[in-house]
Amino acid sequence: MMIFKRLYDTKLAQASYLIGSAETRQAVVIDPNRDIEQYLRAASDEGLTITHVTETHIHADFVSGSRELAARTGATLLLSDEGTADWKYAFAAGAGATLLKDGDTFDVGSIRLQAVHTPGHTPEHLTFLVTDTTAASDPVGAITGDFLFVGEVGRPDLLERAAHFEGTMEEAARTLYRSLQQFRRLPDALQIWPGHGAGSACGKEIGAVPQSTLGYERLTNWAFAEGNEQEFVRRVLDGQPDPPRYFAEMKRVNKEGPPLPLARFDELVAGGALVIDVRSADAFAAKHIPGTLNIPAGRSFTTWAGWLIPYTRDLVLIGGDDSASCAEDARRDLRLIGLDRIANCFGPAIVEAWARAGRDIGRVARIDAGSLATQLAAGAVAVVDVRSAAEWASGHIAGAQNVPLGYLLDRIESLPKDRPLVVHCQGGTRSAIAASLLQAHTSAVVMNLAGGFNEWRAGGFAAEPSLAGTAEGALPLRGRNGAGAS
């Protein structure tokens, strides 16, 4: 009845775990790294909802994703409350985290997790005993983090050598020894699911096997075989490699709390960065961050980016799927035309984070041709045609003002200010960009004509000059390559 998935990052040699209840479809993620999309995908694939997020300790080798994943999903964040007063999670209270002591339990549907304080690698370190209550009353396994690996134990010197807590590593080694003596009393059948594999700098000689059992570790792991505490201390400290320089920064970041994406986004915007949203026009119209420029990714992206994006500002991209990497194609396209000042990329989750923070959400209303004709007749709206001058000359809505999209920012002051603005192009692509520009640079109510001039004409509404009998009146305008203009 327990759903179990190990997610492994080969470059970090780091394991995190998704454990779910088949009955309630609830799940917990343990020791997530900052690539939280992988856990969302894994949960979705299994039909699970992430309701709890936790971690074994304050990590030194990667930025934790626990805070962000909990904020993204609304899950309960659980953090260790063990350890010394000067080595605790500084952000726990502000994040609304539930604090765990030795022996505390929490249920994720039918799955029960018990926190066991296993200090040594770090003072606050917890191991989680996992019990599938539908199958047994005893735990099936343990998420051991950086306490116990396959064939090795976590190094006890990082608090001193990486976080610069002087004079702590020998006492930490003794604490680690005592933690092992307590832990070895658990049943041999207990499965061991460690936080790292071979290649990690968090232990000297970690095995490559992804999991083990406590019984096997008691037989083969040198740390269990060593019965003399002083000799254990000597051996565990001897030959530890220098911790990478970035470990010190990771300890600080994870203790104080890594910044949430929205904070980083705010920082960039406050610094003057221009936000380019490359999602589809429909997605942007439904929900977007006010002030952002919508240039949908596609064949015309580079052209309109070159027309509209200044070369003098840093840029932030919002991409069109569930990861920031979706904006990489847009980054490449921008670099092809010398727009190199790309400060960061975000996935569309940043828009959801903006909304969850209670901030105003931008939307682009759409108006159909019939409604536009009625409102035009009443003088209730002004129409801005953002097509080219040639398109305008071949036929346009009576009373519309022609400002080709590429010049819209230059001529924005010439637009009516006493009525809502309805923008249109031939088919809807350019007018979507125009609507975002007008929303960002004016206080006007802006609407987009659904289907553009094509729909106006298809509805039988009048155009100037008359298109009757012309080739252009019968067919959409064509580009040089035969593609219909939009």
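All of the points below concern the structure found in this document. These numbers were taken from a predicted model, which means no experiment stands behind them.

This part covers empty space enclosed by the protein. The final tally for this structure, using the stated rule, is three cavities of 30 Å³ or more. Roughly 50 Å³ of volume is contained in the largest cavity. Along its surface, the largest cavity is lined by Ala-281, Phe-284, Ala-285, Asn-294, Val-364, Arg-366, Ala-432, Ala-435 and Asn-448. Going through the elements one at a time, α10 (281–286) and α16 (429–441) are the ones with two or more residues in the lining of the largest cavity. In terms of residue count, the dominant contributor to the lining of the largest cavity is α10 (three residues). Tallied by class, residues from the lining of the largest cavity come to six nonpolar, two polar and one charged. Within this model, the second largest cavity holds a volume of roughly 40 Å³. Taken together, Glu-55, Ser-64, Ser-66, Arg-67, Phe-91, Asn-254 and Pro-258 make up the lining of the second largest cavity.

For the peptide bond that leads from Glu-464 to Pro-465, omega is -15°, which places it in the cis range. For Pro-465, the position within the fold is in the loop between α17 (452–458) and α18 (471–474). Even without being a glycine, Asp-31 presents a positive backbone phi close to 60°. Mapping Asp-31 onto the fold places it in the loop between β3 (26–30) and α1 (37–45). Here Asp-31 falls in the buried class, since its relative accessible area comes to 2%. The backbone of His-164 shows a phi angle near 65°, a positive value even though the residue is not glycine. Along the chain, His-164 turns up in the loop between α3 (158–161) and α4 (169–183). The exposed category is assigned to His-164, whose relative accessible area is 53%.

Rules used throughout
- Residues numbered from 1 in each chain as written.
- Predicted model: local features only at pLDDT ≥ 70, side-chain atom pairs only at ≥ 80, totals over all residues.
- Heavy atoms only, no water.
- 1 Å grid on protein atoms, 1.4 Å probe; cavity = no way out; pocket = protein on both sides within 12 Å on 5 of 7 lines; lining within 4 Å.
- Points joined across faces, edges and corners; volume = space filled by probe spheres on them.
- Helix = DSSP H or I, 4+ residues; strand = E, 2+ residues; numbered from the N terminus.
- Nonpolar A, V, L, I, M, F, W, Y, C, P; charged D, E, K, R; others polar.
- Buried < 20%, exposed > 50% of the residue type's maximum accessible area, 1.4 Å probe, protein only.

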